[in-house]
Protein chains: 4
Amino acid sequence: MSASVSPSASRVGVWLIGARGSVATTVVAGCAAVTAGLHPPTGLVTETPMFADSGLPALSSLVFGGHDTVDCPLPKRAEALAAGGVLPPGLPTATRAELAAADAEIRPGGPLPGDTRDAQELIAAFASDIQDFIRRCGLTRAVVVNVASTEPAPTGAAPTGAALPPSSLYAAAALRAGCPYVNFTPSTGLNHPALAPLLTSTDLPFAGRDGKTGQTLLRSVLGPMFSQRALAVRAWSGTNLLGGGDGAALADPAAAAAKNAGKERVLTDTLGTPPEGEVHIDDVPALGDWKTAWDHIAFDGFLGTRMILQTIWQGCDSSLAAPLVLDLARLTARAHEAGLSGPLGELGFFFKDPVGDGPSALGEQYAALGRFAERLRGADARRLEDRPGRLGGRGGADRSEEQW
Amino acid sequence: MSASVSPSASRVGVWLIGARGSVATTVVAGCAAVTAGLHPPTGLVTETPMFADSGLPALSSLVFGGHDTVDCPLPKRAEALAAGGVLPPGLPTATRAELAAADAEIRPGGPLPGDTRDAQELIAAFASDIQDFIRRCGLTRAVVVNVASTEPAPTGAAPTGAALPPSSLYAAAALRAGCPYVNFTPSTGLNHPALAPLLTSTDLPFAGRDGKTGQTLLRSVLGPMFSQRALAVRAWSGTNLLGGGDGAALADPAAAAAKNAGKERVLTDTLGTPPEGEVHIDDVPALGDWKTAWDHIAFDGFLGTRMILQTIWQGCDSSLAAPLVLDLARLTARAHEAGLSGPLGELGFFFKDPVGDGPSALGEQYAALGRFAERLRGADARRLEDRPGRLGGRGGADRSEEQW
Amino acid sequence: MSASVSPSASRVGVWLIGARGSVATTVVAGCAAVTAGLHPPTGLVTETPMFADSGLPALSSLVFGGHDTVDCPLPKRAEALAAGGVLPPGLPTATRAELAAADAEIRPGGPLPGDTRDAQELIAAFASDIQDFIRRCGLTRAVVVNVASTEPAPTGAAPTGAALPPSSLYAAAALRAGCPYVNFTPSTGLNHPALAPLLTSTDLPFAGRDGKTGQTLLRSVLGPMFSQRALAVRAWSGTNLLGGGDGAALADPAAAAAKNAGKERVLTDTLGTPPEGEVHIDDVPALGDWKTAWDHIAFDGFLGTRMILQTIWQGCDSSLAAPLVLDLARLTARAHEAGLSGPLGELGFFFKDPVGDGPSALGEQYAALGRFAERLRGADARRLEDRPGRLGGRGGADRSEEQW
Amino acid sequence: MSASVSPSASRVGVWLIGARGSVATTVVAGCAAVTAGLHPPTGLVTETPMFADSGLPALSSLVFGGHDTVDCPLPKRAEALAAGGVLPPGLPTATRAELAAADAEIRPGGPLPGDTRDAQELIAAFASDIQDFIRRCGLTRAVVVNVASTEPAPTGAAPTGAALPPSSLYAAAALRAGCPYVNFTPSTGLNHPALAPLLTSTDLPFAGRDGKTGQTLLRSVLGPMFSQRALAVRAWSGTNLLGGGDGAALADPAAAAAKNAGKERVLTDTLGTPPEGEVHIDDVPALGDWKTAWDHIAFDGFLGTRMILQTIWQGCDSSLAAPLVLDLARLTARAHEAGLSGPLGELGFFFKDPVGDGPSALGEQYAALGRFAERLRGADARRLEDRPGRLGGRGGADRSEEQW
């Protein structure tokens, strides 16, 4: 930070992969609306007292940009979301300036059909886009958050040299550009064998995978309830109906498989063994950006008496995801500032399938998040050196040796 | 305990108020079934690893008796419960001996219409019944657990000298007999102004009120979830359908008021403010011992987007309550042995409206229970003297001064 | 009708009691929107092929006015409904002219506190308002539809001379003005003992009570299903959550009683006997104009096996009611034109508690409606003289003898 | 009927394919229980006033037998069903004699692995079993009802000469033995191209396919409701959870495809066009013989307002199916007696995918059933010659020419 920039003017970049999607649009418009006092900070965990004095960047300091492969301008996208009830009626107009500003910072993603660049070239190009953003906007730092539609899960054991999926290209580019990385989707991202050396050597913090916004959020409190009460869950079945882009993406069984892996992990972890039952994800375009999740839990009580709990969650996916994206951007930016590196297991509260080791019960994840907030509070003067759980030594990586 | 009884033969009494009801019958038959290995200990929290080595009395050491105002013998009651699907088909036959043994230890409750005894005489008679039970069965100690149908809530501010409701008579008798007391119902029990002096002076432990077996159990995990995610709950509405005796009892608005007070406490505590919405309790005799609870939670997400969670809980009330009653009997007996006295706030995990101070979120209550288990483990050689939260000094009460 | 007005220009008035409420606003804006081709005629039964050639007045021929006791102009009310998601975002602007035109035809209702007019004076004033509307707008005829908030149910058996509730004043005024009357609410309307002579003598058609828009609509198809399959319904319980004006009005137990009477009638009629179970109506302001109805139906199958059906209906009350109001206005206007008089039992399809004799199963009501459509088709040249079910002789009333 | 057999002694056989399954066991035990007056005839449509004097065979006149490939005796199977709550606790004992009698009339089905008989040999063997049953028991007539587990749907367009699936072998055997045939499952049965000549020439009545016992029953009343109210269904999604044998059979996507075809037909027929949405069938062994069906219906109201109806159906499959099987056996036996032949479209009330032409709305199907009952009432003295909808001329088939 140069001497000419006062701390209060410090600005932090949020580079969104999938920057023209519903979630990204809601992130940008919502950050502006809350900053302007048009809406209370509902859903923003980082605005609760837990994070007072934790040194998080202010919402007003966030600057948005990103990659996308589509062209629809953010202000127009916001109008469509308002028509669908996702954004409040007047919000696109009230935040038009901020939407346009973010739109001006979006660069073409890829690879699109016909693109002949190889992985290294794509990574370099993406990293360059991000570095230009930081430079152009005079940012103290930037974080990269993947909010793009879910990719198909890789089939079989991909060899190390296999083609990287786009989410992994962007993830590698984030680290190449010196930015913390957050994977809010179930796509591969950093979780690719070819990127393993990078993960163990990087001095950047990262977090993921797959934001916990509905059915799995519920499961992370209901699973522990059954376990703590010593009730025997026999079968846990679920159906998700969702429209929007994610519905179509997840109608692909391979993409659904990626998502369901995270959903099942929370049950296996909290119940001890995986119960019977399947999870369906249906594309229902008529629902637009709204999703409905029905869960049916058959459990045994005392003496084997059979009982049933059912839950129906009706939510707007973008509204559920957007505040978590803002939370994660602020938390990873602050972690970066505090010198943390490697997987941020303490952010498991936000994810279906968290990096690192950590509890699966939401209550315990919340407690871990509280301890993380506490540590950030004490990290102003010095770097956090004694943090446990770090995969590799800090700063030890010789970047010239990195493949990606 | 006579010298001829080895410590391993130490037996603990469980004196049930409402000893011929569905819950009590399930407690007696279920304890026998689990002891005999006919069923796994599903639903028994005290059989989980958390309580290994905590010194709890074995299930096989429990001896049952109690008060009731009805005559139906326990073996016959068990047959009726099996016909209604509450007990497994063969269980009444398999546990006939234990049911008959418990039935032989049931004494008439009261006061019935025409009974001219005053409160002091009734308390003395009930206490005498309990002490006879301890003596006759050669018990090391006994605990008293109220599982009777819910009484109407007292109307208005009852003066100190007012007539005690039956639940309070039994509660006073428990302490008079030197027994820990557990109020598993929303009835008044020890929570009567006239008993306040007794509570502050007793050297006995006690716990309550109102076992958390369904809708409130769910609320104690869902309320914290909304709060931790900074989601704004706008309205929380609920309807309970239940048959059996409790349905009829709670169809009385005054009795329902007592129950609902506990239900609302958990929301106010975990959400910070009480949301809109009502709770209905309907008597639906067609449901027998089964109950259904529907909850409808309207909440705001980011930017005020309105979302909804609904839950439907279908359970068998007796099956849900019985293992908790066994847990509580074991825990309070052990607390008594360890010299604990006063309100056992650490048992809030089991109650809608716990005595003492303590958290309302189930996860935190579970953690508190774990700490309690830990303390019991260390309590074998010495008394637990430094336990916080004790209302009054141990043993300081001069019993001759007590009114009740 | 003056000679200068061609038949194709024939215009029909719709006089709404409660003309500034949510339903009325949706009726006016929606009629304009469908007429203009902005929306398909979803929900309008009279736009289905069943009514082709039945001679109904065109939607474009309807002219709106009415009584109300509040002042909020219709265009402003429409904006509020759009903000709440009841009307599509652009609709208030697109239909501003029609909303303003209708607003100009709204006259003050009553009696408001301090009004010293007696019932006869109020009826005369209201009838005069309606006749002025017909004259001023050059209408061929007008129908009066009550869409005001539900009144408390009258307590006890009101003597013939007792004060008429407002809904009855308006109903009497409708007949006094020579207009068919439709009671879309559970309020008393024409169903008051003091109006009985009027009902038997009038040569005007009338219909009601209480539009069937949600839970009762479902019950009118599910009740017959259980009955036809010889399944024994043991208990039918329901809870309705609704905000808006109706939620508050129905939180009054007396008003709810009126509504619930209609709800129970359909079950008693279709099942043969009334099942166990209650119906709750909760005021939940957070839901705005949306309502949720949960029904829990416990039924016995073969050999007494207990089974359960649950339904959850989430709808927007105004959107459900408005097309039915348009349907009823068109149908009763056409019935008037065709010379029909007395209770229109054939319109039971639309009501919870229909006038006249008729089936309660929706399928049979639909068949009756189809026969009604058929009769209207044949009624162009002549009056429908042989229609069964007429309460009194046509035209025989000597109006000078009428009390109201 | 020989002169030596009085009409009151006339006995009618019911030959069940899958005679040792849950449905068949419930049919046999239930018929005995209702005949003995142990249970009211809940669920039996043929015991309602609609069928008084229709000449149906009495329940007490029914004699049971059938084919199955498993060995578990019916009395033992009944005990297992009672343990699972499908049959009332005491019923296996109370109906032991009838269960044993039916068990003695069960013959081995097939083909089992290793069986070298070709289709003609198998059909001949099965037909011979049925004819032996009729002769041995002195039956007036017998009907064949398929209640076996669902077969996989045939893949692709099977050529005429292709191997017949087992359900088609049994169906051909039924006709060969001169018995009416009812297909209560979605399996192929008579619906195989190779059996087409048989269908057009037979003088026997037949009915099917796929008993309507849960989700589709609901859809057949809810679909018409939306249609009659001109509400636009956008998406109709459903998930079925079921254990028992059917759950496992339908977990096979090919078998599920057969079942779902029937489920979708009712929506397409009643709504006009098929809505968006999928149907899932999950095998959840923990549910035993119970099934849960969740439906989520997104529909548009007036002005496109989006609304939702959800239904949850929790039933016991065997209890739902068994009375319908008895109804169908009695109705087809009586139709045979009355000389009816060909597809009995009037029985569409009972099926997801009815033979013949007929309505899909339950109410209309019920009306058609009522007309059928009326016709049977008048058929005692003479044959029903003028019945419409007959596929081929009666008695015209020269059986020696039949291929099957």
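What you see is a predicted model, and the numbers here were worked out from it, not measured in a lab.

Colleague: When you look at the pairing of strand β1 (residues 12-17) of chain A in this model, what are you seeing that I'm missing?
Modeller: Looking down a regular strand, the side chains alternate between one sheet face and the other. Residue and element names in this part refer to chain A. The buried fraction of β1 amounts to 6 of the 6 residues, a majority that puts the element mostly inside the structure. Both faces of β1 are covered, namely the face carrying V12, V14 and L16 and the face carrying G13, W15 and I17. Summarising the sheet, β1 and strand β2 (residues 62-68) pair through 6 bridges and their orientation is parallel. Residue pairing in the sheet places I17 in a bridge with H67 of β2.

Colleague: Please explain the domain arrangement of chain A as it appears in this structure.
Modeller: Buried accessible area, meaning the area lost when the parts come together, often serves as the stated size of an interface. Residues and elements named next belong to chain A. The assigned domain composition of chain A is domain 1 (7-211 + 319-377) and domain 2 (215-316). For domain 1 versus domain 2, the distance between C-alpha centres works out to 26 Å. Opposite the 23 residues of domain 1 that make contact, domain 2 presents 26 residues. Breaking the side of domain 1 that touches domain 2 down by element, the ones donating at least two residues are α11 (317-337) and α12 (362-377). Tallied by class, residues from the side of domain 1 that touches domain 2 come to 8 nonpolar, 10 polar and 5 charged.

Colleague: Please clarify how the interface of chain B and chain A should be interpreted in this entry.
Modeller: The interface is formed by 47 residues belonging to chain B together with 47 residues belonging to chain A. Elements with a contribution of two residues or more to the side of chain B that touches chain A: α1 (22-35), α8 (215-228), β10 (306-316), α11 (317-337) and α12 (362-377) of chain B. The element that contributes the greatest number of residues to the side of chain B that touches chain A is β10 of chain B, accounting for 10 residues. When the residues that make up the side of chain B that touches chain A are grouped by side-chain class, the tally is 29 nonpolar, 15 polar and 3 charged. As paired strands, strand β10 (residues 306-316) of chain A and β10 of chain B are joined by 7 bridges and run antiparallel to one another. For Q310 of chain A, the partnering residue across the bridge sits in β10 of chain B and is I312 of chain B.

Colleague: Just checking my understanding: could you explain the relation of the copies chain B and chain A for this structure?
Modeller: To go from the first copy of the chain to the second, apply a rotation about an axis and then a shift along the same axis. Superposing chain B onto chain A takes a rotation of 180° plus a shift of 0.0 Å along the axis, which leaves an RMSD of 0.0 Å. Interpreted geometrically, this transformation is the action of a two-fold axis. Across chain B, the rotation axis passes nearest the C-alpha of T311 of chain B, at a separation of 2.2 Å. Taken together, the interface assignments show that 100% of the residues at the interface of chain B recur at the interface of chain A, consistent with an identical surface on both copies.

Colleague: What am I meant to see in the environment of W15 of chain C here?
Modeller: All names here are of chain C. Looking at where W15 falls in the secondary structure, it is placed in strand β1 (residues 12-17). C-alpha separation for the pair W15 and A379, spaced 364 residues apart in sequence, amounts to 25 Å. Those residues in contact with W15, other than ones at most four positions away along the chain, are G65, G66, I130, F133, A142, V144 and C179.

Colleague: Would you mind going over the sheet that holds strand β9 (residues 290-300) of chain C with me for this structure?
Modeller: Neighbouring strands of a sheet are bound in pairs by backbone hydrogen bonds; such pairs are parallel or else antiparallel. Strands sit in the order β8(C)-β7(C)-β9(C)-β10(C)-β10(D)-β9(D)-β7(D)-β8(D) across an open sheet of 8 strands; the sheet is mixed. What marks the edges here is a single partner per strand, and that holds for β8 (279-283) of chain C together with β8 (279-283) of chain D. Averaged over all adjacent pairs, the angle separating strand axes in this sheet is 10°, with direction ignored. The sheet strands contacting helix α11 (residues 317-337) of chain C are β7 (232-242), β9 and β10 (306-316) of chain C, and the helix crosses β10 of chain C at an angle near 80°. Lying on the sheet, helix α11 (residues 317-337) of chain D is in contact with β7 (232-242), β9 (290-300) and β10 (306-316) of chain D; it crosses β10 of chain D at an angle near 80°.

Definitions and limits used
Residues numbered from 1 in each chain as written. Chains lettered and ligands numbered in written order. Predicted model: local features only at pLDDT ≥ 70, side-chain atom pairs only at ≥ 80, totals over all residues. Buried ≥ 20, exposed ≤ 12 C-beta atoms within 10 Å, placed from the backbone. Helix = DSSP H or I, 4+ residues; strand = E, 2+ residues; numbered from the N terminus. Pairing = 2+ DSSP bridges. Domains from an automatic or database assignment. Contact = placed C-beta atoms within 7 Å. Nonpolar A, V, L, I, M, F, W, Y, C, P; charged D, E, K, R; others polar. Least-squares fit on C-alpha atoms with pLDDT ≥ 70 in both. Axes fitted to C-alpha atoms, helices over the stretch in contact; angles between N-to-C directions.

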